[in-house]
Amino acid sequence: MINKSVAELIESEGLLLQEIHVKGWVRTFRSNRFIALNDGSTINNIQCVIDFENTSEETLKRINTGAAVSIKGTLAASQGRGQSVEVQVSEIEVLGDSNPDEYPIQPKKHSFEFLRENAHLRVRTNTFSAVMRVRSKLSFAVHQYFQDRNFNYVNTPIVTGSDAEGAGEMFRVTNFKDNEAPLTEDGTVDYSKDFFGKETNLTVSGQLEAETYAMALGKAYTFGPTFRAENSNTTRHLAEFWMIEPEVAFMDLDGNMDLAEDFIKNVLNSILESCKDDLAFLDHRLTQEEKSKPQAERSDMSLLEKLRFVVDNNFKRVSYTEAIDILRNSKPNKKKKFQFPINEWGADLQSEHERFLVEKHFKCPVILFDYPADIKAFYMRLNDDGKTVRAMDVLFPGIGEIVGGAQREERYDVLVEKMKAMNIDEKELWWYLDLRKFGTAVHSGFGLGFERLVQFTTGMSNIRDVIPFPRTPQNAEF
RNA sequence: UCCUUCUUAGCUCAGUUGGUUAGAGCAUCUGACUGUUAAUCAGAGGGUCCUAGGUUCGAGUCCUAGAGAGGGAGCCA
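An account of the accompanying structure is given in this report. (Residues numbered from 1 in each chain as written. Chains lettered and ligands numbered in written order. Predicted model: local features only at pLDDT ≥ 70, side-chain atom pairs only at ≥ 80, totals over all residues. Heavy atoms only, no water.)

Okay, the protein's contact with RNA strand B next. Around RNA strand B, the structure places 49 residues, and the nearest of them are Asp101, Lys108, Thr234, His237 and Arg452. Counting only the atoms of RNA strand B that lie within 4 Å of the protein, the sugar and phosphate share comes to 50%. Here a base nitrogen of RNA strand B sits 3.5 Å away from a polar atom, N or O, in the side chain of serine 78. A distance of 2.9 Å separates a phosphate oxygen of RNA strand B from a polar side-chain atom of serine 351. Broken down by secondary-structure element, the contributors of at least two residues to the surface near RNA strand B are strand 2 (19-30), strand 6 (85-96), helix 3 (112-116), strand 12 (240-249), helix 11 (351-361), strand 16 (400-407) and strand 17 (443-449). Broken down by element, the residue count for the surface near RNA strand B peaks at four residues, all from strand 16. (Near = heavy atom within 4 Å. Polar contact = N/O pair within 3.5 Å; in protein donor to acceptor, adjacent residues only side chain to side chain. Helix = DSSP H or I, 4+ residues; strand = E, 2+ residues; numbered from the N terminus.)

Right, dumping it as structure tokens:
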């Protein structure tokens, strides 16, 4: 008797006619005879055939969708057409019942909205199990990529004492009880009496801390949770999400763009190898979904084609200034189709503009670089023209900005001046300025939203469907 | 936060210009059948039409307010 996972049973024809033992959950039970059994090891089910005439009525009644069962039997070539092997059951035990009257997951199509309300059970469906297996493999591929290249994994703090990271609204962390926060003389909360002795927040980015490690270990990366208290209600924002932030000493913006492109291609490639079954399922799912859309909104590439396209083609690198020229002379701009017309240099690009560049003009991933200094963060390296910074965004079809990065300002005087101009407290970031005082050097890095990468890889349109328990405004169930 | 659409059975939805007792498919239950592939066939049960007001002889349908959800925008990853 050999214990086997469903994935192993389906793969290994060498086990034919052997006695096997398998445990899993019932997906469907047809004709009082056929169990489609899934144990999460693969998107595929194994068919278990029951000799119902020699099985008690009581047991048969308990074989319901969602029930956990233990099955002993013989692996055999299937008589039916839908599968090559199946288990001829000699012994079945129901380990955990599932009342069909109450179990919400039916063997039918459910809306993603409904499944979000059942996030604890939705991973029992084909789509979510596929997405979450891909997410896990992607996560591994991220570490593999950096570890293979001798990057050091840095665990930057989740509770941060600095509120100057400038990446968005922060969640306050306090140990004060309700209505018991001590006040200072001027009536504001006295955080010097709080747990950390100062005001603290959940991190919005590990970048500044990662820089400190890059300036000692050379190559560093973070991969951890980040938090934004923005009231964002979109298909590509979460209040809690996972971010990947490599940071490299002695690397300029060109090296940064090379790294981002190579990284994305590499991890996608490894998923194309390691998640073939799940991607095939997701590819088919998306194709079916697209059929219900009007012709104009359909994608001209399938999911697998899109992934291979990204892996096989160079990202188009375009400076902000070139992009503005292209947009200014574009048809939608001349025909006044843009909600925000492009008139002059210096305007921030709206998502309609990014979409035009990526989806209509270049039809491939685009890296925009050298943005106006005014619309970017204080730590980005000022170019010699005095008006642009060495920033870059990687834009992807469908999901927009997947990467944001920059060469960091390494010159102490220039950085201090920028901080003053942008009203950032130098005292808060004394340690960040120290990096420029002692052994400063050119260095660069970027941030990549992990969930957006999972979205692109799986073809899921809502970011809430690629993280197990999404945190969004007004929602922290589970 | 703004714009917009939606909310009817466990799920997915239909419900005409306001008019009898609000429907279908799937799911569930009962029975039949038994090599099925979202099994099939017959029957049954299942409804605070999101909530609160209002208009009307009459509201699932029209109006007002609120709640929740989806999509888009902004912010960004």
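Following both chains from N to C, one finds helix 9 (residues 320-328) and helix 11 inclined at 80°, their axes separated by 11 Å at the closest point. One element, helix 9, and the other, helix 11, form an angle in the roughly perpendicular class. Contact with helix 9, carried on its side by Ala323, Ile326 and Leu327, involves His353, Phe356, Leu357 and His361 of helix 11 and no other residues of that element. Its residues assigned to classes, the contact of helix 9 with helix 11 comprises five nonpolar, two polar and no charged. (Axes fitted to C-alpha atoms, helices over the stretch in contact; angles between N-to-C directions. Parallel < 35°, antiparallel > 145°, perpendicular 65-115°, else oblique. Contact = heavy atoms within 4.5 Å. Nonpolar A, V, L, I, M, F, W, Y, C, P; charged D, E, K, R; others polar.)

Time to look at a nonpolar patch on the surface. Together, Ile158, Val159, Phe195 and Phe196 line one region of the surface with nonpolar side chains, adding up to about 390 Å² of accessible area. By the element assignment, phenylalanine 195 lies in the loop between strand 9 (172-173) and strand 10 (200-202). Given the relative accessible area of 62%, phenylalanine 195 is considered exposed. (Patch = residues over 30% accessible without salt bridge, like charges linked within 9 Å, V, L, I, M, F, W, Y side chains within 5 Å. Areas by Shrake-Rupley, 256 points an atom, 1.4 Å probe, with all protein chains shown as cover. Salt bridge = Lys/Arg side-chain N within 4 Å of Asp/Glu carboxyl O. Buried < 20%, exposed > 50% of the residue type's maximum accessible area, 1.4 Å probe, protein only.)

Counted by the stated rule, this structure contains 21 aromatic pairs. Ring centres of phenylalanine 378 and tyrosine 432 lie 6.2 Å apart, and the angle between their planes is 75°; on these two criteria the pair is classed as edge-to-face. Pair noted here: phenylalanine 378 is in the loop between strand 14 (366-372) and strand 15 (388-396) and tyrosine 432 is in helix 13 (residues 430-437), with a separation of 54 residues, a long-range link. The residues phenylalanine 378 and tyrosine 432 share a single accessibility class, namely buried. Lying across the ring of tyrosine 145, arginine 149 places its NZ or CZ 3.7 Å from the centre. Sitting over the face of the ring of tyrosine 432, arginine 436 holds its NZ or CZ atom 4.1 Å from the ring centroid. (Phe/Tyr/Trp six-rings, centres within 6.5 Å; stacked < 30°, edge-to-face > 60°. Lys NZ or Arg CZ within 6 Å of the ring centre and 35° of its normal.)

On to the sheet that holds strand 10, then. The strands that make up a sheet are held in pairs by hydrogen bonds between backbone atoms, and each pair lies either parallel or antiparallel. With antiparallel pairing, three strands are arranged side by side in an open sheet as 8-10-9. The open sheet has two free edges, formed respectively by strand 8 (159-160) and strand 9, since each of these has just one partner strand. The sheet contact formed by strand 9 and strand 10 spans two bridges and is antiparallel. Its bridge partner lying in strand 10, arginine 172 is registered against asparagine 201. (Pairing = 2+ DSSP bridges.)

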